[in-house]
Amino acid sequence: MNERYSRQVLFDGIGKSGQEKLLSSSVLIVGCGALGASHAEMLSRAGVGKLRIVDRDFVEFTNLQRQTLFNEEDAEFRIPKAAAAKHRIGEINSGIEVEALVADVNNSNVESFLEGCDVVLDGTDNFQIRYLLNDACVKNNKIWIYGAAVSSYGTTMTIIPGETPCLRCIFEEMPDAGSSPTCDTAGVIMPIIASISSVQVSEVIKLLVGKRDELHGSLMQIDVWANDWRKIKLAGPQPDCPACRKRSFEFLDAGSVEFAAVLCGRNAVQVAPPRPTDLDLDHLASKLCMIAAVTQNEYLLRFSPNEHEITVFKDGRAIVKGTDDVSVARSLYAKYIGS
Ligand SMILES: [Zn+2]
């Protein structure tokens, strides 16, 4: 046993056998923003053998106040978060394996990300992906740990399909777009991120070492500014839950992947290709450099025609900054990238 884990092995709840279980475990982290980056750092230091990190975004300077794995260089070069996380974790613990996937999670790929993972951790920042994740995890009988934080408050719940309520048992309908505060509209402070992530990661460790009796078994709500910590005890699943009882997976079975989505509060729209794609960025850059200056790394390219800034990822997605009008973004996509 590597001496780096000695203090954790001394802890009664884990011990030598628990540490061995952690080293042979695999965790999926969906979203590597503030919560996801915190999950990834804690799990890598704890020696979870394999982390699969999926994120669609790149590092920006506004992230650095709370997203602990990233630094100024990542923001300057706008490195994709999954790739920046893998690089930094390699410096923290070279003994574990990290798979970094720069991708948008949608109904056509979410189940493939679950494959081979023991537990799924929510590091996302929106309900669209959480409802999709709930469908995918319930259908595939995977435990997932919901977590959300904004402003100074946050919520978390551990979802064991068939045993505990699922996300739709608690919140049957997804909140309307624009109805909930986001980190871009209401702000967020780092202590709530660390608090919610700590509860989520503790639950993962308990699950991986086989200590299910220690799970908190509640909808936990924390407000670090109002000094309010509460646990709402949960019973079993709702008898009429569409997902975990009726096994109707509306979000997973949605006919088509949403082609474009406004990124709330950012004056930007994400446009996805209709089918999975592997773009030749060099080729695209050679075309676009006739129109505007292009900056590029191995994951993405960026150019600014007129007042918009367009970032194109290898998987064919684009983030169009400078508009919140989906039709404008689609038309720029069609114009410069083509679909
Ligand atoms: Zn349910």
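This text goes with the structure placed above it.
All values derive from a computational prediction rather than experimental measurement.

Q: Explain the overall build of the protein here, please?
A: Scanning the protein from N- to C-terminus turns up 13 helices and 14 strands. Its C-alpha atoms give the protein a radius of gyration of 20 Å, near enough to 20 Å, the size a compact globule of 339 residues would have. Looking at the protein as a whole, 53% of its 339 residues qualify as buried. The long-range share in the protein, meaning contacts at least 24 apart out of those at least 6 apart in sequence, stands at 63%. With an accessible surface of roughly 15600 Å², the protein has 49% of that area assigned to carbon and sulfur atoms. Counting 35 positive and 44 negative side-chain charges, the protein places the centres of these two groups 3 Å from one another.

Q: Can you walk me through the coordination of the zinc ion in this structure?
A: When a metal carries six donors in an octahedron, the ideal angles between them are 90 or 180 degrees, while four donors in a tetrahedron ideally lie at 109.5 degrees. The zinc ion binds to the protein through Cys166 (SG), Cys169 (SG), Cys241 (SG) and Cys244 (SG), with metal-donor distances spanning 2.2 to 2.3 Å. Considering all four donor atoms around the zinc ion, angles at the metal cover 97 to 121° and the coordination shape is tetrahedral. Given a relative accessible area of 2%, Cys241 falls into the buried group.

Q: Would you mind showing me how to read the nonpolar core here?
A: For soluble globular proteins, nonpolar side chains are generally found buried alongside one another. Counting residues in hydrophobic clusters, the biggest one holds 38 residues, and the most contacted among them are Val27, Leu43 and Ile53. Of all the elements in the fold, those that place two or more residues in this core are β1 (26–30), α3 (34–46), β2 (50–55), α5 (81–92), β4 (119–122), β5 (143–150) and α10 (190–208). The greatest single-element share of this core, amounting to six residues, is contributed by α5. When sequence neighbours within four positions are dropped, the list of residues in contact with Val27 reads Leu43, Val48, Lys50, Leu51, Arg52, Cys117, Val119, Leu121, Val204 and Leu208.

Q: How should I be thinking about the environment of Gly13 in this particular structure?
A: Looking at where Gly13 falls in the secondary structure, it is placed in the loop between α1 (6–10) and α2 (15–23). Those residues in contact with Gly13, other than ones at most four positions away along the chain, are Val209 and Lys211.

Q: How should I be thinking about α5 in this particular structure?
A: One turn of the α-helix equals 3.6 residues, which is why residues spaced by three or four share an orientation. For α5, with 12 residues, the first-to-last C-alpha span of 16 Å sits near the 16 Å given by 1.5 Å per residue. Restricting attention to buried positions, one finds in α5 the residues Lys81, Ala82, Ala83, Ala84, Ala85, Arg88, Ile89 and Ile92. Tucked into the core, α5 has its buried residues touching α3, β2, α4 (72–76) and β3 (97–102).

Q: Is there a simple way to think about the sheet that holds β1 in this case?
A: Think of a sheet as strands paired side by side through backbone hydrogen bonds, with each pair either parallel or antiparallel. The strand order across the open sheet formed by eight strands is β3-β2-β1-β4-β5-β6-β7-β8, and the pairing between neighbours is mixed. Of all strands in the sheet, those bounded by a partner on one side alone are β3 and β8 (228–233). Along the sheet, successive strands turn relative to each other by an average axial angle of 15°, direction set aside. In this sheet, strand β6 (residues 153–159) lies alongside β5 in antiparallel orientation, the contact comprising seven bridges. When the bridges of β6 are listed, Ile145 appears paired with Thr158. Packed on one face of the sheet, α5 meets β2 and β3 and runs near 165° to β3.

Procedures and definitions
- Residues numbered from 1 in each chain as written.
- Predicted model: local features only at pLDDT ≥ 70, side-chain atom pairs only at ≥ 80, totals over all residues.
- Heavy atoms only, no water.
- Helix = DSSP H or I, 4+ residues; strand = E, 2+ residues; numbered from the N terminus.
- Rg over C-alpha atoms; globule rule 2.2 N^0.38 Å.
- Buried < 20%, exposed > 50% of the residue type's maximum accessible area, 1.4 Å probe, protein only.
- Contact = heavy atoms within 4.5 Å.
- Areas by Shrake-Rupley, 256 points an atom, 1.4 Å probe, with all protein chains shown as cover.
- Lys, Arg positive; Asp, Glu negative; His and termini not counted.
- Charge placed at Lys NZ, Arg CZ, Asp CG, Glu CD.
- Donors = N, O, S within 2.8 Å, 3.2 Å for Na, K, Ca; no water.
- Tetrahedral: all angles 85-135°; square planar, octahedral: opposite > 155°, others 65-115°.
- Core = buried A, V, L, I, M, F, W, Y, C linked by side-chain atoms within 4.5 Å.
- Expected span 1.5 Å × (residues − 1).
- Pairing = 2+ DSSP bridges.
- Axes fitted to C-alpha atoms, helices over the stretch in contact; angles between N-to-C directions.

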